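Chains, contacts and geometry: an overview
As a plain string of letters, each chain reads:
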Amino acid sequence: MFDAVGVRLNLLMGIGAPTPPPPSVMEALDNVEVAISDQEPSGFSMTFKLGRSNAMAGELPLLSHPAMQAGSRVVITGILGVRPRVLMDGIVEDAKSEPGEGSEGGSLTLMGRDLTALFDQKEVVEEFPGMAPGDIAQAIIARYASHGIIPDVRPPLAADRDAPAQRTPTQRGTDLAYLKQLAKDFDHVFVVDPGPTPLTARAYWGPPPRSGTVQSAITVDMGPESNATGLSFENTPSQAASVEGEVLDRQTGQSVPVTSAAPTRPPLSASPSLLNPLTSSTRILRPQPGQSATQAMAQAAAQSGQTSDTVKVTGELDLGRYGRVLEPRKLVGLRGAGFQNDGFYYVRDVVHAITRGKWTQSFTLVRDGLGTTTPTVRP
């Protein structure tokens, strides 16, 4: 299906309400790269071939097109066979042009971030009296409803709601910085996933999604069923760490010992590195001022959870054989790599590279240790 139908790409571009660009813009498009991550900023780049105007000497029409300017919203939808997938919904932040010399044509490259760029435009100082972290995340995300962004907030179970007389949560910085800091305090993530339809998006604030439907398996060393190449495995069990310390509980005035309990993330491996006393380490809790014992325990669990992904796998998919787009921030099966490496993984990063007639996808998978938890992984 991939070879028969080919790679198709749909674009919406423009300030405010994006629209399909004219055919001249699509004809000039040379390549697209989309990088999606829950650790680093997600972004995109699009390179266009510059053509000179026949009507006016020296004129480069693409450079003056209103959709090709910083601040323009871009929606990139890839179609593999008959399956459309919104790969990126973002904002152009940088435009780089190279006019070219002699017979070589010039180029225009647009680069930008996903819709988290909207959350990063204005620094504010704002108080949220009597509000729990989940309430704060919901209130901040709701400000962006006019951009088609729908909040999906999963409040942490161990979060206290402080009385205003005790402590008032205060934002000092951009909405993006504050949402990410709140998320980090509870081993959560804040990401904006595009789609499922163009000009809509889901702003997810919650724990890394380590459960749910597992995507079709990445398969290696299984003859004609193989669909991936260049796999590399890295295991660093010594980075896993429990967290210990103490906090002065504001309610009782007593010093309370705090330690991270068993891993809070659902296990994806048979031997989680956090549970191995021979390789795991211990870190000191650094409590925040005014925390209760409950809040400090949640912080210890979060600090420990952020060290738990000790196994990393990188590689590249053959999308023609895989038959679909590997989605980030979801689970995927891996088979053919041996009992210690097979099983379920969390898709942390993906990078799409699209040119005319070709679409490749590289990936980074992570999990908490070695050994599969399932006897079989479905194709």
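Presented here is an overview of the structure given in this document. (Residues numbered from 1 in each chain as written. Predicted model: local features only at pLDDT ≥ 70, side-chain atom pairs only at ≥ 80, totals over all residues. Heavy atoms only, no water.)

1. Structural notes on the nonpolar core
This is how it is decided: Buried residues of nine kinds, namely Ala, Val, Leu, Ile, Met, Phe, Trp, Tyr and Cys, make up a nonpolar core once their side-chain atoms join them within 4.5 Å. Exposure classes here rest on a 1.4 Å probe applied to the protein chains alone. A residue is buried below 20% of its type maximum, exposed above 50%, and partly exposed in between. A contact between two residues is defined here by any heavy atoms of the two lying within 4.5 Å.
Judged by nonpolar contacts, the single largest core of 44 residues is most densely connected at Met13, Met46, Phe48, Ile76, Ile218 and Leu326. When sequence neighbours within four positions are dropped, the list of residues in contact with Met13 reads Pro18, Thr19, Pro21, Val25, Met46, Phe48, Ala67, Met68, Ser72, Arg73, Val74 and Leu110.

2. Some details on the sheet that holds strand 17 (residues 281-284)
The condition that has to hold: Only strands that DSSP links by at least two bridges are regarded as paired with each other. Secondary structure counts use DSSP, requiring at least four H or I residues in a row for a helix and at least two E residues in a row for a strand, with both numbered from the N terminus. Helix axes are fitted to C-alpha atoms over the stretch in contact, other axes to C-alpha atoms as well, and angles between N-to-C directions run from 0 to 180 degrees.
The three strands lie next to each other as 15-14-17, forming an open sheet whose pairing is mixed. Because the sheet does not close on itself, it has two edges, and the strands there are strand 15 (255-259) and strand 17. If you compare each strand with its neighbour and ignore which way they point, the axes differ by 20° on average. Two strands pair when backbone bridges link them, and strand 14 (residues 241-248) and strand 17 are joined in this way by four bridges, in the parallel orientation. Residue Ser242 lies in a different strand from strand 17, and its bridge partner there is Thr282.

3. A look at the sheet that holds strand 11 (residues 201-206)
Overall, mixed pairing links the three strands, which are arranged 8-11-10 in an open sheet. Of all strands in the sheet, those with a lone pairing partner are strand 8 (149-153) and strand 10 (189-194), marking the two edges. Across the sheet, the mean angle from the axis of one strand to that of its neighbour is 20°, orientation sign disregarded. One ladder, built from six bridges, connects strand 10 with strand 11; its direction is antiparallel. Across the sheet, Phe190 pairs through a bridge with Trp205, a residue of strand 11. The sheet contacts of helix 4 (residues 133-142) involve strand 8, strand 10 and strand 11, and relative to strand 8 the element is tilted by about 175°. Each of strand 10 and strand 11 is contacted by helix 5 (residues 175-185), which is oriented at about 120° to strand 10, the strand it contacts most.

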